[in-house]
Amino acid sequence: MKKYYLLLIILLFATVGCQGDTNYIIKNKDITIGIKVFPNNNVSVSKIFDNGTKVDFITDIDPGNHLWFFTCKPSGQLTAQEIKLNPTDAKSFIAETLISQGNIEINKPISKSRSYKPSKNRQPDTIKMIWKDVKTPDMSTGFNVTVFCSLSNNNSYWNIEISPNKDYGLWTVVFPNVTNIDASKGNRVINPQYGGYFTDDYDMNNSFEYPGVDCTNQMTAVTKGNTTLYISPEDVKSEHKIFNFKCPKPGIMNFYIEMLPDNMGIGNTEYKQSYNFNFATIKGDWFDAAKKFRGWGIASGFAPFSQGKIEDREDLPQWFKDNPLWLSMHYLTDEHRDNIIKSKEFLEVPVAVHAYQWQQYPFDTHYPNWLPAFDRFKDDIKDIQAHDMKIMPYLNGHLVDANLSPTYKKYGDILLSVDEKGEPRTSVFQAEGANNMTCCPASPYFDALVEESVNVMKEENIDGIYFDQVGCVPAFTCFNREHGHPIGGGSHWAKAYYKLIQTVRKKLNEIKGEPIIIATESSAESYPFDAWLRCNEGADFLADSPINTVMYSGYVASFGYYYYNDEYEKQDSLPAINKTAIALSKGYQPGWGFGNDNELINYPNFGKYVKGVAQARWAAKEYFNLGEMVRNVKITSQVPMIKIFMQNFGILGDYDFPAVRTCSYNYKGKTMVCLTNIQINENIKVDWEATPSDLYLKNKSQWTINEIFPEKKLISKGKNIKSSTELEPLQTKIFIVE
């Protein structure tokens, strides 16, 4: 009997060359994965099939596709030309089942497979594929490549290992490479840029470097009908990688990840993928994919979740947990300070202020030496804080000015990220009179950064620190051997920033004697920041769903938006109003781009709308800042569309937007529903409804809907969650469903 189980569990199949084209099928009750093996040892994914909905996301088999390929260089010759290898370069191929319940088959129906009683500690069904002696004809020694595919519920986990080679060092590793994904018209594809946005008719050829603003989420998805293909590395270390989307023809999407490993180009280095890449099928849409990623992140302790919920954190100040809106002060003048105070008094709620241009060195120069501050900065801080506002100054967490910085003169090139030629990287962010260079976060530069940050807190009693460009810029490969990290790619970039943030937080909390916040530019899921400034993420006003907020609400706050001066003047301030509405509906703490120039007073429509939004968020601050975003309620009445001129970083034009926006948050068993009207002159009657599951509520026989803003009153009691309300021009209303 033991021999029988051993043969069943570890089954070695013959080489493909003896079998001809071979189909491997690995499946359970939820998902089926097909693997096509060709006589030349090539392998292609032939099926990703949801067994419940009967939806297959692979449209065709591509015999020319390689499930994996990699590049290498002669050991230590970092500037040499890359050598590319793929499965057809292997001398032999074999496959074996490590664990089976009769769910792995080769050219035979499942009914003929035998099963065994699983043990208590049984692992998912796993197939192991091995390519031996992968090399070019002129290479004396080859690589061995092993790929694992395991199933667990609706997940298919993929992993690759490449053996060390004493003569050659790995440069890049591409895996998994999946072709012919159904992205035909009507299927929705999530682009991982700018917090995630949809493309309905996907016809793109893009590469997105992670981590960085061009790839803010390490999750993408394809929705086909009522089924979604969830695609994610689920990499808790945030290793340096590139997401690639290729469309050889309309409706067909090829997807692969290019990994930049530790010790690039160094021989005798083994590569073991540290995470399992997940292709999963789920019933539902983008929202369900985002919640799935959120569940993984919480369970794994991924960076944004690693410190726990905002609500439970003792190292965060209460003002941040309550804050409804941000103002921005760009220059230290009496006029700008007074305008900030006037704006706050107009809003009649506490707000936070983001301060720029407070150092005597010009903006974007002298990095990382920001001190000394202008003499008046300390008094300006006191004035602002005395008016029930908190203040967070701008610092830079990425650059050093090689022309002017004493820090650079002290440390030299050891601060810098260095390419494979040994040349320091010049930053794309330059200012007049500066020579801004890109620092490596694993260098001693960060000791200087911490020291400067501590000095700022000692002198000025600020309430937070904003590190510019950390979340915005991509990770860089770094070949500076003096930094102590493995050269090339890997996870050193994210790891170093993670350590920096924790060190700064501890030191500054100790100095101030109470908690402060630490923020950065753009969505930055690889690092444990408290807040993300959403000013610099392209035209995310075109994104119709708050994918990023669904993932991270209650754990990380987002704030701000980029406003242009003419947006207050066009269409009676409708572009600026619309940006505030987008921020509200996406779950951001609105604002940041105004306050300096008295925009709330000078543009009455804009001021009226922002004041209503700020007060609404203040009335429901626990839901907005501490709750979990749930599905929007369904509006069943007709909502007019408005054509609005919108712009952000070179993207501009007239776009259609709905006059009414919604968002919903569940907090401690109750759900808040927010409705907002951006019409300037028109009332809108809004009928809305929802299911308990959409609002993350447990079923009850009777539901109560209460309006809590702008009035406190009972709206309805009944067995269904639905209501009708009248929204006045530029009005925001808040309801609680329980």
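Higher on the page you've got the structure.
Keep in mind that this is a model prediction, so the values were computed, not measured. (Residues numbered from 1 in each chain as written. Predicted model: local features only at pLDDT ≥ 70, side-chain atom pairs only at ≥ 80, totals over all residues. Heavy atoms only, no water.)

Looking at the pairing of strand 40 (residues 703–709)
With 5 of 7 residues buried, strand 40 lies mostly within the body of the structure. Bridging between strand 40 and strand 41 (residues 713–718) involves 5 bridges; their strand directions are antiparallel. By the bridge assignment for strand 41, Ile 705 is matched with Ser 716. Connecting the antiparallel pair strand 40 and strand 41 is a turn made up of 3 residues. Pairing of strand 40 with strand 43 (residues 732–737) involves 4 bridges; the strand directions are antiparallel. What sits directly across from Phe 709, in strand 43, is Ile 734. (Buried < 20%, exposed > 50% of the residue type's maximum accessible area, 1.4 Å probe, protein only. Helix = DSSP H or I, 4+ residues; strand = E, 2+ residues; numbered from the N terminus. Pairing = 2+ DSSP bridges.)

Some words on empty space enclosed by the protein
Under the defined criterion, the tally for this structure stands at 4 cavities of 30 Å³ or more. Looking at the largest cavity, its volume works out to about 140 Å³. For the lining of the largest cavity, the secondary structure elements donating two or more residues are helix 10 (547–552), strand 31 (557–559) and helix 14 (621–626). It is helix 10 that provides the largest number of residues to the lining of the largest cavity, a total of 3 residues. Its residues assigned to classes, the lining of the largest cavity comprises 7 nonpolar, 9 polar and 2 charged. (1 Å grid on protein atoms, 1.4 Å probe; cavity = no way out; pocket = protein on both sides within 12 Å on 5 of 7 lines; lining within 4 Å. Points joined across faces, edges and corners; volume = space filled by probe spheres on them. Nonpolar A, V, L, I, M, F, W, Y, C, P; charged D, E, K, R; others polar.)

Focus on the pattern of salt bridges
Within the structure shown, the criterion is met by 29 salt bridges. We note a salt bridge from Asp 530 to Arg 313, for which the minimum N-O separation is 3.0 Å. Of this pair, Asp 530 sits in the loop between strand 29 (517–521) and strand 30 (531–533) while Arg 313 sits in the loop between helix 3 (286–300) and helix 4 (318–322), placing them 217 residues apart in sequence. Judged by its relative accessible area of 5%, Arg 313 falls in the buried class. In this structure, Lys 512 engages Asp 463 in a salt bridge whose closest nitrogen and oxygen atoms are separated by 3.6 Å. Highlighted residues: Lys 512 in helix 9 (residues 492–512) and Asp 463 in the loop between helix 8 (445–460) and strand 28 (464–468), separated in sequence by 49 residues. Neither residue differs from the other here; Lys 512 and Asp 463 are each classed as buried. A network of salt bridges, in which partner residues are shared, links Asp 334, Arg 337, Asp 338, Arg 376, Asp 380 and Asp 383. (Salt bridge = Lys/Arg side-chain N within 4 Å of Asp/Glu carboxyl O.)

Some points on the sheet that holds strand 23 (residues 326–329)
Spatial strand order, 31-30-29-28-25-24-23-32: 8 strands in an open sheet with parallel pairing. A strand with exactly one partner marks an edge of an open sheet, and here the two such strands are strand 31 and strand 32 (591–595). This sheet shows a mean twist of 30° between the axes of neighbouring strands, independent of strand direction. In the sheet, strand 30 pairs with strand 31 via 3 bridges, with the strands oriented parallel. (Axes fitted to C-alpha atoms, helices over the stretch in contact; angles between N-to-C directions.)

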